[in-house]
Structure formats: structure tokens, C-alpha cells
Amino acid sequence: MHKKKRLYSIILITIFLLISSGQLFCTVNTYYASNCIGMKLHEIPESNYNDYEWFVKSYSENNVLHETLFHIGIEIWSEMHIFLDQGKEVVRFFSDGSRHESVYFDNLLIEEKIILSDNQVSHIVYQYFDGELLRKSVFTGEVLSKLTNYVRKSDGSLHLRQTNYFFNNLIEILIIGSSPNISKTALGRKGDFSVIKSYPNGMHITEKWVSGLKVTLDQEIQTTQSGELVVTEKNPDGTIVISSYTDDGSLSRQVIETDEAIETVFFYYDKENYLITKTVISQDNKIIYEYINDEDGNPEIELMFENGLIKTKTIFNKTGNREEIYKEGSLYLIITYAEDGRTIKDSKFAGE
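Draft legend 1. Up close: the packing of aromatic side chains. In this structure the tally under the stated criterion is 4 aromatic pairs. Pairing Y31 with Y49 gives two aromatic rings, centres 4.2 Å apart and planes at 0°, and the pair type is stacked. Here Y31, found in strand β1 (residues 30-33), pairs with Y49, found in the loop between β2 (42-44) and β3 (54-61); they are 18 residues apart in sequence, far enough to count as distant. Their ring planes at 50° and their centres at 4.9 Å tell us that Y49 and F55 sit as a pair that is tilted. For Y49, a relative accessible area of 22% gives the class partly exposed. Looking at F55, the relative accessible area reads 3%, which means it is buried. Seen from the ring of W77, R92 lies directly overhead, with NZ or CZ sitting 3.8 Å from the centre. Sitting over the ring of Y332, K327 keeps its end group 4.4 Å from the ring centre.

Draft legend 2. Inspection of a nonpolar patch on the surface at higher detail. Taken together, the side chains of I37, M39 and L41 define a hydrophobic patch exposed on the protein surface, amounting to about 300 Å² of accessible area. Tracing the sequence through the fold places M39 in the loop between β1 and β2.

Parameters and conventions
- Residues numbered from 1 in each chain as written.
- Predicted model: local features only at pLDDT ≥ 70, side-chain atom pairs only at ≥ 80, totals over all residues.
- Heavy atoms only, no water.
- Phe/Tyr/Trp six-rings, centres within 6.5 Å; stacked < 30°, edge-to-face > 60°.
- Helix = DSSP H or I, 4+ residues; strand = E, 2+ residues; numbered from the N terminus.
- Buried < 20%, exposed > 50% of the residue type's maximum accessible area, 1.4 Å probe, protein only.
- Lys NZ or Arg CZ within 6 Å of the ring centre and 35° of its normal.
- Patch = residues over 30% accessible without salt bridge, like charges linked within 9 Å, V, L, I, M, F, W, Y side chains within 5 Å.
- Areas by Shrake-Rupley, 256 points an atom, 1.4 Å probe, with all protein chains shown as cover.
- Salt bridge = Lys/Arg side-chain N within 4 Å of Asp/Glu carboxyl O.

See the structure below:
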């Protein structure tokens, strides 16, 4: 009897040790609906995971999490998350033989390696201070190819980002400006560079400098309380162009001022944000352009009206355009153009 109890105790201890070491686990797969970047959106039943275009299969074994991303049942990549005392290592394997290795410490990404199928290696090192990213170094093989430094304000928000590209001696500087949500990017070398200003509505205004001299037009940029962006440009001939853009970046109005006249242009769009009407108003004239667009937003037909009467109708074709010209509302002339713009046929329909 005592022998049986002793044998039973040994069996229990053995099972406990096997379970503790992970040698007796049967891996249990868990499935998640996903997307093309491998996010686990929500858990799905194992019985119908193939109903999803993108899904992730996941299981744990010892201290390693295994995950595989599938698209229409085809494996895209597989990953191993190896958990350590104060961090983890993640290795992602691709079907072409390449892999991506990442090392995390205290939840901060500190190192990456991208190893291609031909064994070419890119190596990225991240450096932090008090949890904030200060420097990112990119190596191609053993050679430093790109270095990015980050300068932060006292509250930790980003103030400046400078990137040096060593393969072509190019420098890129991103400055987060004092104006809300407006940033500047300088890109170039020595006296030849461009300054790109980015605005909340998605617009980008570029100033170009050659040998230290500005070669683009002088611009004045203002933001209205309604969110419109107003850009004023002064041309060398004295012409002033004032352009107003909506908060989604669409040009809504343009005022063109010369010594002789002022012209105002209004732009109207459909719900897909395709231009459908342009109205040009001067002191003694009003011209309206109407556009019929294809499903991609490209104009198929342009109608031009002057003071209420149709003047031209242009039909755009890949092989060449057709232009109809009207006099006092009646068709007068049809001109057919070749693809390169040459006139290949014209027909008159009314007296001179």
C-alpha cells in the first residue's frame, strides 16, 4: 500500500515538473481577424477562420509566442516573440527567405536588423533619454548611411528633426514651427536647398534656394478663423495672385491683380472633390467653365460659357481632342486634334 502511494506521488511530481517546463503542453491555436499589417482585430472561431481574407494564427510555447499572418489562406510571414527578463526579441520570417529582427528593452525598440534573402543587412540602432527618442542610426552593412537626431522642447514635444544622408551628403531638417500644426522641412546641401511648409489641410508650400538666393516667388501665408489657408504670391511683373484653400486642401478662390484689372476665379467641386465648375469674373465679363468627369475625376468634356452664351465645347480623348467653337450660341467651327496637339481636321458650319 505504501509502495502504491509512493509511486502515485512520484507520478504527480513528474507531471508537475513536465508541465512547469512546458514539455507536456498541447499548443492551442487562437485565431484573430486581421489586416495587411498583421493587427489582431478580434478573436474568431477556429471553425471559420478561412472565411476571413486576412487572419492571424497564434499560440504560445514555453516563453515564446508564435504568430503567423495569412492572406486568403496563404502565409505572408511568421513571427516569434521571445520574452526576456526586461524585454523581448521579435523575429519575423518572410516567404522569400528574408527576415526582420527587433530587440525591445523596457518596451522601447532599441535595435532592428533587416536581413534580405541575399544576406544583405541593414542595421538600425535607437538611442533614448528618459524614454524619449534622441537618435536613430541606420547602417548599410557596417557603414553608417543615415543619422537622425531629435531635439525636443522642455515638455518632451518634438521641436526639430535633422537627418544626414551620408551617401549623397544631403541634409534634411524638419522644424515644428511656433504656429499650431505648421511644420517646415529644409532639404538640400550647402546653398542649394528647398524649404517645404506643411499645413493642417494637407497643403505643402515650397521655397527654393540656389547658391543661397531664393528663386521662387515671394509668398505670404495666412490662416483664417474658418480654417482656410490664404497664399499671396507676388510675380516679378507686379502681378499679385491671392489663392484661398479650404481645410481639405482644395483651391476655392483665386484673385489675380494686375495694374490694369482684377480677376476673381471661383472653383466648385462635387462630393468626390472633383472640379465641376470654374467661374471667372472680371470688371465687364463673366466666363463659366463646366466639367463632365470620368469615374477617376479626369475631365471628359469642358463647356465654356461667356456672359450666358456657349463659346466652346472640348471633348478630351486619348487619341486627340475635339473642339467645337460657337458664335452667338450657334456652332461655327469644329477642330479635331491629333494626340500630339496638331490640327488634323477643321470644319466650318456658319458664315463668317
